[in-house]
Amino acid sequence: MDLEGICKELYILGCEIRKDEYLKNHTSFRIGGKTPYMFFPKTKNVFVETLILLKRNNIPFKIIGGGTNLIVTDYDVDFVVLSTKYLTGIKEEFLSDRQKLLVETECGVYLASLSYLVSERGYSGLEFACGIPGTVGGALYMNAGAYDGEIKNIVLEAEVFDLSDMKVKKFRNEELEFSYRKSIFQDSPLILLSSKQVFNKGNVYEIKRKIEEFSSKRLNKQPIEMPCAGSIFKRPKPDFYVGTAIESLGLKGYSIGDAQISSKHAGFIINKGNATFNQVMALIDYVKKTIKEKYQVDLTVEPEIWK
Ligand SMILES: NC(=O)C1=CN([C@@H]2O[C@H](COP(=O)(O)OP(=O)(O)OC[C@H]3O[C@@H](n4cnc5c(N)ncnc54)[C@H](OP(=O)(O)O)[C@@H]3O)[C@@H](O)[C@H]2O)C=CC1
Ligand SMILES: C=C(O[C@H]1[C@H](O)[C@@H](CO)O[C@H](OP(=O)(O)OP(=O)(O)OC[C@H]2O[C@@H](n3ccc(=O)[nH]c3=O)[C@H](O)[C@@H]2O)[C@@H]1NC(C)=O)C(=O)O
(Lines give C-alpha, C1' and ligand atoms only; values in the text may rest on other atoms or scores of the structure.)
(Ligands and ions follow the chains in the order given, each with its own letter.)
Protein backbone atom coordinates (compact mmCIF):
# COMPACT_ATOMS: atom_id res chain seq x y z
CA MET A 1 0.00 0.00 0.00
CA ASP A 2 1.28 3.50 -0.75
CA LEU A 3 1.12 6.49 1.61
CA GLU A 4 -2.12 7.79 0.07
CA GLY A 5 -3.78 4.41 0.74
CA ILE A 6 -2.43 4.34 4.31
CA CYS A 7 -3.80 7.84 4.90
CA LYS A 8 -7.27 6.77 3.69
CA GLU A 9 -7.30 3.76 6.07
CA LEU A 10 -6.09 5.81 9.01
CA TYR A 11 -8.50 8.62 8.37
CA ILE A 12 -11.41 6.15 8.56
CA LEU A 13 -10.01 4.80 11.85
CA GLY A 14 -10.00 8.29 13.37
CA CYS A 15 -6.47 9.54 12.89
CA GLU A 16 -5.86 13.24 12.27
CA ILE A 17 -3.53 13.64 9.29
CA ARG A 18 -1.65 16.72 8.15
CA LYS A 19 0.18 16.93 4.82
CA ASP A 20 3.46 18.86 4.36
CA GLU A 21 3.62 19.81 8.03
CA TYR A 22 6.52 21.97 9.23
CA LEU A 23 8.29 20.26 12.13
CA LYS A 24 9.48 23.63 13.42
CA ASN A 25 5.90 24.11 14.61
CA HIS A 26 6.28 21.03 16.81
CA THR A 27 9.79 21.43 18.27
CA SER A 28 10.82 23.53 21.26
CA PHE A 29 13.89 24.68 19.24
CA ARG A 30 11.51 26.08 16.57
CA ILE A 31 13.65 24.46 13.88
CA GLY A 32 12.52 21.75 11.43
CA GLY A 33 11.54 21.37 7.78
CA LYS A 34 8.48 19.72 6.27
CA THR A 35 7.47 16.10 6.72
CA PRO A 36 5.28 14.66 3.94
CA TYR A 37 2.69 13.49 6.47
CA MET A 38 2.16 13.91 10.17
CA PHE A 39 -0.21 11.52 11.94
CA PHE A 40 -2.05 12.30 15.16
CA PRO A 41 -3.75 9.07 16.35
CA LYS A 42 -6.65 9.84 18.67
CA THR A 43 -6.44 6.60 20.69
CA LYS A 44 -3.82 4.06 21.70
CA ASN A 45 -5.41 1.44 19.42
CA VAL A 46 -5.24 3.79 16.43
CA PHE A 47 -1.59 4.55 17.38
CA VAL A 48 -0.87 0.80 17.19
CA GLU A 49 -2.77 0.50 13.88
CA THR A 50 -0.71 3.38 12.48
CA LEU A 51 2.54 1.71 13.56
CA ILE A 52 1.45 -1.59 11.97
CA LEU A 53 0.47 0.01 8.66
CA LEU A 54 3.65 2.04 8.40
CA LYS A 55 5.93 -0.86 9.34
CA ARG A 56 4.18 -3.38 7.05
CA ASN A 57 4.49 -1.01 4.11
CA ASN A 58 8.12 -0.07 4.87
CA ILE A 59 7.35 3.62 5.34
CA PRO A 60 10.09 5.26 7.43
CA PHE A 61 8.72 7.10 10.47
CA LYS A 62 9.65 8.77 13.70
CA ILE A 63 7.73 9.51 16.90
CA ILE A 64 7.34 12.97 18.40
CA GLY A 65 6.12 13.66 21.93
CA GLY A 66 6.60 17.22 23.17
CA GLY A 67 9.39 17.86 20.64
CA THR A 68 11.56 19.23 23.46
CA ASN A 69 14.59 17.03 22.96
CA LEU A 70 14.99 17.19 19.20
CA ILE A 71 17.29 18.93 16.75
CA VAL A 72 15.65 18.63 13.34
CA THR A 73 17.09 19.51 9.93
CA ASP A 74 15.43 22.45 8.22
CA TYR A 75 15.51 20.62 4.90
CA ASP A 76 12.37 18.65 4.09
CA VAL A 77 12.59 15.12 5.52
CA ASP A 78 11.65 11.87 3.80
CA PHE A 79 10.12 10.21 6.87
CA VAL A 80 6.61 10.63 8.25
CA VAL A 81 6.05 11.60 11.88
CA LEU A 82 3.61 10.22 14.47
CA SER A 83 2.58 12.58 17.21
CA THR A 84 1.46 11.26 20.61
CA LYS A 85 -0.32 14.53 21.40
CA TYR A 86 -3.78 12.95 21.84
CA LEU A 87 -2.60 9.96 23.88
CA THR A 88 -3.23 11.56 27.23
CA GLY A 89 -5.24 8.95 29.14
CA ILE A 90 -4.57 8.66 32.88
CA LYS A 91 -5.83 6.04 35.37
CA GLU A 92 -5.23 6.25 39.11
CA GLU A 93 -5.46 3.58 41.79
CA PHE A 94 -4.79 3.82 45.55
CA LEU A 95 -2.88 0.88 47.04
CA SER A 96 -1.87 -0.37 50.50
CA ASP A 97 -4.56 1.53 52.39
CA ARG A 98 -3.77 4.71 50.40
CA GLN A 99 -0.08 4.60 51.33
CA LYS A 100 0.76 4.27 47.64
CA LEU A 101 -0.63 5.76 44.45
CA LEU A 102 -0.38 3.89 41.17
CA VAL A 103 -0.79 6.00 38.04
CA GLU A 104 -1.05 4.58 34.56
CA THR A 105 -0.37 7.12 31.82
CA GLU A 106 -0.51 6.96 28.07
CA CYS A 107 2.73 8.05 26.42
CA GLY A 108 1.52 11.53 25.40
CA VAL A 109 0.81 12.75 28.95
CA TYR A 110 3.06 15.69 29.84
CA LEU A 111 5.55 14.80 32.55
CA ALA A 112 4.96 18.13 34.31
CA SER A 113 1.18 17.43 34.39
CA LEU A 114 1.84 14.03 35.95
CA SER A 115 4.17 15.64 38.49
CA TYR A 116 1.46 18.18 39.34
CA LEU A 117 -1.28 15.53 39.68
CA VAL A 118 0.79 13.28 41.95
CA SER A 119 2.02 16.15 44.13
CA GLU A 120 -1.48 17.63 44.49
CA ARG A 121 -2.68 14.26 45.82
CA GLY A 122 0.11 14.37 48.45
CA TYR A 123 2.33 11.65 46.99
CA SER A 124 6.06 12.02 46.60
CA GLY A 125 8.57 10.94 43.94
CA LEU A 126 8.00 13.22 41.00
CA GLU A 127 8.85 16.63 42.47
CA PHE A 128 12.09 16.65 40.45
CA ALA A 129 10.08 16.56 37.21
CA CYS A 130 7.82 19.56 37.88
CA GLY A 131 9.61 21.67 35.27
CA ILE A 132 10.86 19.04 32.85
CA PRO A 133 9.26 19.69 29.49
CA GLY A 134 8.07 16.87 27.23
CA THR A 135 5.94 13.79 27.56
CA VAL A 136 6.11 10.57 29.56
CA GLY A 137 7.08 8.82 26.28
CA GLY A 138 10.05 11.15 25.74
CA ALA A 139 10.94 10.90 29.43
CA LEU A 140 11.14 7.09 29.39
CA TYR A 141 13.02 7.18 26.08
CA MET A 142 15.63 9.54 27.62
CA ASN A 143 15.34 8.40 31.24
CA ALA A 144 14.64 12.05 32.07
CA GLY A 145 16.24 13.45 35.15
CA ALA A 146 16.90 16.58 37.16
CA TYR A 147 17.89 17.51 40.71
CA ASP A 148 19.05 13.97 41.56
CA GLY A 149 15.74 12.42 40.44
CA GLU A 150 15.33 10.10 37.47
CA ILE A 151 12.31 8.59 35.77
CA LYS A 152 13.73 5.10 36.32
CA ASN A 153 13.06 5.47 40.06
CA ILE A 154 9.29 5.67 39.66
CA VAL A 155 8.44 3.44 36.69
CA LEU A 156 6.93 0.08 37.58
CA GLU A 157 6.27 -1.29 34.11
CA ALA A 158 5.75 -0.25 30.52
CA GLU A 159 3.35 -1.40 27.86
CA VAL A 160 5.21 -1.40 24.56
CA PHE A 161 4.60 -2.25 20.94
CA ASP A 162 7.38 -4.39 19.51
CA LEU A 163 7.88 -3.57 15.83
CA SER A 164 9.94 -6.72 15.28
CA ASP A 165 7.01 -9.11 15.84
CA MET A 166 4.13 -6.57 15.89
CA LYS A 167 3.02 -7.56 19.40
CA VAL A 168 2.01 -5.54 22.45
CA LYS A 169 4.13 -6.56 25.47
CA LYS A 170 4.74 -5.63 29.10
CA PHE A 171 8.26 -4.77 30.30
CA ARG A 172 9.15 -4.52 33.99
CA ASN A 173 11.38 -1.65 35.15
CA GLU A 174 14.51 -3.87 35.23
CA GLU A 175 13.90 -4.88 31.61
CA LEU A 176 13.87 -1.27 30.39
CA GLU A 177 17.69 -0.98 30.76
CA PHE A 178 17.66 2.50 32.27
CA SER A 179 20.92 4.33 32.84
CA TYR A 180 21.97 8.00 32.69
CA ARG A 181 19.88 9.52 29.84
CA LYS A 182 19.44 6.08 28.32
CA SER A 183 16.82 3.34 28.01
CA ILE A 184 16.08 0.30 25.89
CA PHE A 185 13.84 2.45 23.65
CA GLN A 186 16.86 4.13 22.03
CA ASP A 187 18.34 0.96 20.55
CA SER A 188 15.39 -1.32 19.95
CA PRO A 189 12.24 -1.64 17.86
CA LEU A 190 10.10 -0.89 20.95
CA ILE A 191 7.56 1.93 21.04
CA LEU A 192 6.11 3.00 24.38
CA LEU A 193 2.32 2.93 24.57
CA SER A 194 1.73 3.51 28.29
CA SER A 195 3.48 3.08 31.61
CA LYS A 196 2.66 2.55 35.27
CA GLN A 197 4.31 4.66 37.93
CA VAL A 198 4.06 4.19 41.68
CA PHE A 199 4.41 6.84 44.40
CA ASN A 200 4.57 6.81 48.21
CA LYS A 201 2.44 9.01 50.42
CA GLY A 202 4.42 12.06 51.43
CA ASN A 203 4.25 15.26 53.41
CA VAL A 204 2.28 17.81 51.38
CA TYR A 205 4.23 20.79 52.73
CA GLU A 206 7.58 19.15 52.00
CA ILE A 207 6.42 18.20 48.49
CA LYS A 208 5.29 21.78 47.78
CA ARG A 209 8.53 23.18 49.21
CA LYS A 210 10.61 21.00 46.90
CA ILE A 211 8.51 21.94 43.87
CA GLU A 212 8.92 25.63 44.62
CA GLU A 213 12.67 25.19 45.12
CA PHE A 214 13.16 23.27 41.85
CA SER A 215 10.90 25.60 39.86
CA SER A 216 12.70 28.72 41.00
CA LYS A 217 16.13 27.12 40.40
CA ARG A 218 15.11 26.21 36.86
CA LEU A 219 13.65 29.64 36.18
CA ASN A 220 16.76 31.41 37.48
CA LYS A 221 19.38 29.13 35.95
CA GLN A 222 17.99 27.80 32.68
CA PRO A 223 16.92 29.82 29.61
CA ILE A 224 13.48 28.18 29.57
CA GLU A 225 11.93 31.33 28.15
CA MET A 226 13.90 30.86 24.90
CA PRO A 227 13.49 28.26 22.12
CA CYS A 228 15.98 25.47 22.91
CA ALA A 229 16.23 21.70 23.40
CA GLY A 230 17.34 21.57 27.03
CA SER A 231 20.93 20.58 27.84
CA ILE A 232 22.74 20.21 24.54
CA PHE A 233 25.40 17.80 25.89
CA LYS A 234 25.27 14.93 28.34
CA ARG A 235 27.53 15.07 31.37
CA PRO A 236 30.54 13.01 30.18
CA LYS A 237 31.12 11.95 33.81
CA PRO A 238 29.11 12.71 36.95
CA ASP A 239 31.47 15.44 38.21
CA PHE A 240 32.17 17.14 34.86
CA TYR A 241 29.73 20.05 34.53
CA VAL A 242 29.47 20.95 30.87
CA GLY A 243 28.05 24.43 31.63
CA THR A 244 31.00 25.29 33.90
CA ALA A 245 33.49 24.01 31.33
CA ILE A 246 31.96 25.97 28.44
CA GLU A 247 31.78 29.09 30.61
CA SER A 248 35.48 28.69 31.48
CA LEU A 249 36.26 28.97 27.77
CA GLY A 250 34.56 32.37 27.65
CA LEU A 251 31.87 31.06 25.32
CA LYS A 252 28.75 32.31 27.11
CA GLY A 253 26.83 34.36 24.54
CA TYR A 254 28.98 33.09 21.64
CA SER A 255 26.87 32.82 18.46
CA ILE A 256 26.92 31.34 15.01
CA GLY A 257 24.12 33.09 13.18
CA ASP A 258 21.09 32.97 15.45
CA ALA A 259 22.31 29.89 17.36
CA GLN A 260 23.83 31.08 20.64
CA ILE A 261 25.41 29.60 23.75
CA SER A 262 23.02 30.84 26.40
CA SER A 263 24.39 33.59 28.65
CA LYS A 264 22.21 32.22 31.44
CA HIS A 265 23.38 28.57 31.27
CA ALA A 266 26.30 27.67 29.00
CA GLY A 267 25.06 24.08 28.69
CA PHE A 268 22.13 25.28 26.55
CA ILE A 269 22.07 26.50 22.94
CA ILE A 270 19.21 28.89 22.26
CA ASN A 271 17.54 29.95 19.03
CA LYS A 272 17.59 33.76 18.99
CA GLY A 273 15.04 33.91 16.16
CA ASN A 274 15.93 32.30 12.87
CA ALA A 275 18.66 29.82 13.80
CA THR A 276 19.16 27.08 11.24
CA PHE A 277 19.99 23.42 11.81
CA ASN A 278 23.45 24.00 10.27
CA GLN A 279 24.17 26.91 12.61
CA VAL A 280 23.24 24.80 15.65
CA MET A 281 25.37 21.88 14.44
CA ALA A 282 28.32 24.21 13.66
CA LEU A 283 28.11 25.64 17.18
CA ILE A 284 27.96 22.14 18.67
CA ASP A 285 31.04 21.10 16.67
CA TYR A 286 32.91 24.24 17.73
CA VAL A 287 32.17 23.62 21.42
CA LYS A 288 33.11 19.93 21.14
CA LYS A 289 36.43 20.80 19.48
CA THR A 290 37.27 23.54 21.99
CA ILE A 291 36.36 21.37 25.02
CA LYS A 292 38.43 18.50 23.65
CA GLU A 293 41.47 20.79 23.21
CA LYS A 294 41.20 22.28 26.69
CA TYR A 295 39.93 19.30 28.78
CA GLN A 296 40.64 16.22 26.61
CA VAL A 297 36.99 15.28 27.07
CA ASP A 298 34.63 14.06 24.34
CA LEU A 299 31.15 15.57 24.59
CA THR A 300 28.05 13.72 23.37
CA VAL A 301 24.94 15.52 22.16
CA GLU A 302 21.91 14.82 24.37
CA PRO A 303 18.93 15.58 22.09
CA GLU A 304 18.02 13.28 19.22
CA ILE A 305 19.09 14.57 15.82
CA TRP A 306 16.65 14.10 12.92
CA LYS A 307 18.05 14.70 9.45
N1 LIG B 1 15.88 17.65 32.38
C2 LIG B 1 15.40 18.63 31.64
O3 LIG B 1 15.26 19.76 32.08
C4 LIG B 1 15.02 18.37 30.20
C5 LIG B 1 14.87 17.09 29.78
N6 LIG B 1 14.48 16.80 28.49
C7 LIG B 1 14.29 15.39 28.17
O8 LIG B 1 13.77 15.10 26.94
C9 LIG B 1 12.49 14.41 27.03
C10 LIG B 1 11.78 14.82 25.80
O11 LIG B 1 10.39 14.47 25.80
P12 LIG B 1 9.52 14.83 24.53
O13 LIG B 1 9.62 16.27 24.25
O14 LIG B 1 8.17 14.28 24.76
O15 LIG B 1 10.23 13.96 23.40
P16 LIG B 1 10.56 14.39 21.90
O17 LIG B 1 9.30 14.68 21.18
O18 LIG B 1 11.61 15.44 21.92
O19 LIG B 1 11.15 13.04 21.33
C20 LIG B 1 12.43 12.60 21.72
C21 LIG B 1 12.63 11.16 21.28
O22 LIG B 1 11.77 10.34 22.04
C23 LIG B 1 11.31 9.27 21.25
N24 LIG B 1 9.91 9.03 21.62
C25 LIG B 1 8.96 9.94 21.96
N26 LIG B 1 7.82 9.32 22.30
C27 LIG B 1 8.07 7.98 22.19
C28 LIG B 1 7.27 6.80 22.41
N29 LIG B 1 6.00 6.86 22.80
N30 LIG B 1 7.86 5.58 22.20
C31 LIG B 1 9.15 5.50 21.79
N32 LIG B 1 9.93 6.57 21.56
C33 LIG B 1 9.39 7.79 21.77
C34 LIG B 1 11.48 9.64 19.77
O35 LIG B 1 12.24 8.58 19.20
P36 LIG B 1 12.50 8.29 17.63
O37 LIG B 1 13.37 9.39 17.12
O38 LIG B 1 13.23 6.99 17.67
O39 LIG B 1 11.19 8.18 16.93
C40 LIG B 1 12.27 10.94 19.82
O41 LIG B 1 13.48 10.92 19.14
C42 LIG B 1 11.98 14.89 28.33
O43 LIG B 1 11.01 14.13 28.89
C44 LIG B 1 13.28 14.82 29.08
O45 LIG B 1 13.69 13.49 29.22
C46 LIG B 1 14.28 17.76 27.56
C47 LIG B 1 14.45 19.08 27.90
C48 LIG B 1 14.85 19.48 29.25
C1 LIG C 1 18.04 20.35 31.11
C2 LIG C 1 18.31 19.06 31.21
O3 LIG C 1 18.61 18.44 32.40
C4 LIG C 1 19.53 19.10 33.29
C5 LIG C 1 18.83 19.30 34.62
O6 LIG C 1 17.71 20.13 34.48
C7 LIG C 1 19.87 19.95 35.58
C8 LIG C 1 19.30 20.17 36.99
O9 LIG C 1 19.30 18.99 37.71
O10 LIG C 1 21.01 19.07 35.70
C11 LIG C 1 21.68 18.79 34.48
O12 LIG C 1 22.19 19.99 33.89
P13 LIG C 1 23.70 20.42 34.24
O14 LIG C 1 24.58 19.21 34.16
O15 LIG C 1 24.04 21.57 33.38
O16 LIG C 1 23.57 20.81 35.76
P17 LIG C 1 23.31 22.22 36.47
O18 LIG C 1 22.87 21.89 37.85
O19 LIG C 1 22.44 23.10 35.66
O20 LIG C 1 24.78 22.84 36.50
C21 LIG C 1 25.85 22.13 37.13
C22 LIG C 1 26.88 23.10 37.67
O23 LIG C 1 27.38 23.90 36.60
C24 LIG C 1 27.36 25.28 36.97
N25 LIG C 1 27.17 26.11 35.77
C26 LIG C 1 26.06 25.90 35.01
C27 LIG C 1 25.86 26.70 33.91
C28 LIG C 1 26.81 27.70 33.59
O29 LIG C 1 26.69 28.45 32.61
N30 LIG C 1 27.91 27.82 34.37
C31 LIG C 1 28.10 27.05 35.47
O32 LIG C 1 29.11 27.20 36.14
C33 LIG C 1 26.21 25.38 37.96
O34 LIG C 1 26.34 26.50 38.78
C35 LIG C 1 26.30 24.07 38.70
O36 LIG C 1 27.20 24.17 39.76
C37 LIG C 1 20.73 18.18 33.50
N38 LIG C 1 21.41 18.00 32.22
C39 LIG C 1 22.13 16.89 31.97
C40 LIG C 1 22.71 16.81 30.61
O41 LIG C 1 22.30 15.97 32.77
C42 LIG C 1 18.23 18.15 30.06
O43 LIG C 1 18.52 16.97 30.23
O44 LIG C 1 17.90 18.60 28.94
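Residues numbered from 1 in each chain as written. Chains lettered and ligands numbered in written order. Predicted model: local features only at pLDDT ≥ 70, side-chain atom pairs only at ≥ 80, totals over all residues. Heavy atoms only, no water.

As annotated in an unreviewed UniProt entry, the protein chain is UDP-N-acetylenolpyruvoylglucosamine reductase from Defluviitoga tunisiensis. According to its UniProt record, the protein chain has this under Catalytic activity (unreviewed entry): "UDP-N-acetyl-alpha-D-muramate + NADP(+) = UDP-N-acetyl-3-O-(1-carboxyvinyl)-alpha-D-glucosamine + NADPH + H(+)". (UniProt positions renumbered as here; feature names shortened; annotations may be inferred.)

A. Main features of the layout of surface pockets. Size it by volume and the second largest pocket reaches roughly 190 Å³. Around the second largest pocket, the lining comprises 17 residues; the ones closest to its centre are His26, Gly65, Gly66, Lys85 and Tyr110. Shared between two domains, the lining of the second largest pocket holds at least three residues of each, these being domain 1 (3-83) and domain 2 (90-207). (1 Å grid on protein atoms, 1.4 Å probe; cavity = no way out; pocket = protein on both sides within 12 Å on 5 of 7 lines; lining within 4 Å. Points joined across faces, edges and corners; volume = space filled by probe spheres on them. Domains from an automatic or database assignment.)

B. The arrangement of the UniProt feature "domain: FAD-binding PCMH-type" (unreviewed entry) in the protein chain in detail. Mapped onto this numbering, the UniProt entry gives "domain: FAD-binding PCMH-type" (unreviewed entry) at residues 31-221. Regarding residues 31-221, the helix share stands at 25% and the strand share at 34%, and the terminal C-alpha atoms are separated by 23 Å. (Helix = DSSP H or I, 4+ residues; strand = E, 2+ residues; numbered from the N terminus.)

C. Up close: the site of ligand 2. In the region of ligand 2, 21 residues are neighbours, and Tyr147, Tyr180, Arg235, Glu247 and Glu302 sit closest. Arg181 is positioned with one of its side-chain polar atoms (N or O) 2.8 Å from an oxygen atom of ligand 2. Within the contact set of ligand 2, an oxygen atom lies 3.3 Å away from a side-chain nitrogen or oxygen of Lys252. When residues of the shell around ligand 2 are traced back to their parent elements, those giving at least two are β9 (145-146), β14 (228-231) and α6 (242-248). (Near = heavy atom within 4 Å. Polar contact = N/O pair within 3.5 Å; in protein donor to acceptor, adjacent residues only side chain to side chain.)

D. Here's a closer look at the environment of Phe161. Considering the arrangement of structural elements, one finds Phe161 in strand β11 (residues 155-162). When the C-alpha positions of Phe161 and Val287 are compared, they lie 38 Å apart, and in sequence the two are 126 residues distant. Here Phe161 is in contact with Val48, Leu51, Ile52, Met166, Lys167, Val168, Pro189, Leu190, Ile191 and Leu193, once residues within four sequence places are set aside. (Contact = heavy atoms within 4.5 Å.)

E. Here's a closer look at the domain arrangement of the protein chain. Per the domain assignment, the segments making up the protein chain are domain 1 (3-83), domain 2 (90-207) and domain 3 (223-306). With centres defined by C-alpha atoms, the gap from domain 2 to domain 3 works out at 28 Å. Taking both sides of the interface into account, the surface hidden between domain 2 and domain 3 amounts to around 440 Å²; carbon and sulfur atoms contribute 48%. It is Met142, Tyr180 and Arg181 that lose the most area in domain 2 upon contact with domain 3, and together they represent 76% of the buried surface on that side. Viewed at the interface, domain 3 and domain 2 are joined by 1 salt bridge. Among the salt bridges present, the one from Arg181 reaches Glu302, with a minimum N-O distance of 2.9 Å. If you look at where domain 2 meets domain 3, you find 3 residue pairs in polar contact (both at pLDDT 80 or more). The class makeup of the residues in the side of domain 2 that touches domain 3 is 3 nonpolar, no polar and 1 charged. (Buried area = accessible area lost by both parts, 1.4 Å probe. Salt bridge = Lys/Arg side-chain N within 4 Å of Asp/Glu carboxyl O. Nonpolar A, V, L, I, M, F, W, Y, C, P; charged D, E, K, R; others polar.)

F. Up close: the UniProt feature "active site" (unreviewed entry) in the protein chain. Here, UniProt's "active site" (unreviewed entry) annotation points to Arg181, Ser231 and Glu302. A maximum C-alpha distance of 11.3 Å is found for the annotated residues, which run over 122 residues; spatially they form one tight group. With respect to the helices, strands and loops of the structure, Arg181 is situated in the loop between β12 (167-172) and β13 (190-201). The exposure class of Arg181 is buried, given its relative accessible area of 15%. Those residues in contact with Arg181 that lie beyond four places of it in its chain are Met142, Asn143, Ala144, Gly145, Gln186, Lys234 and Glu302. A distance of 3.1 Å separates a polar side-chain atom of Arg181 from the backbone oxygen of Gly145. (Buried < 20%, exposed > 50% of the residue type's maximum accessible area, 1.4 Å probe, protein only.)

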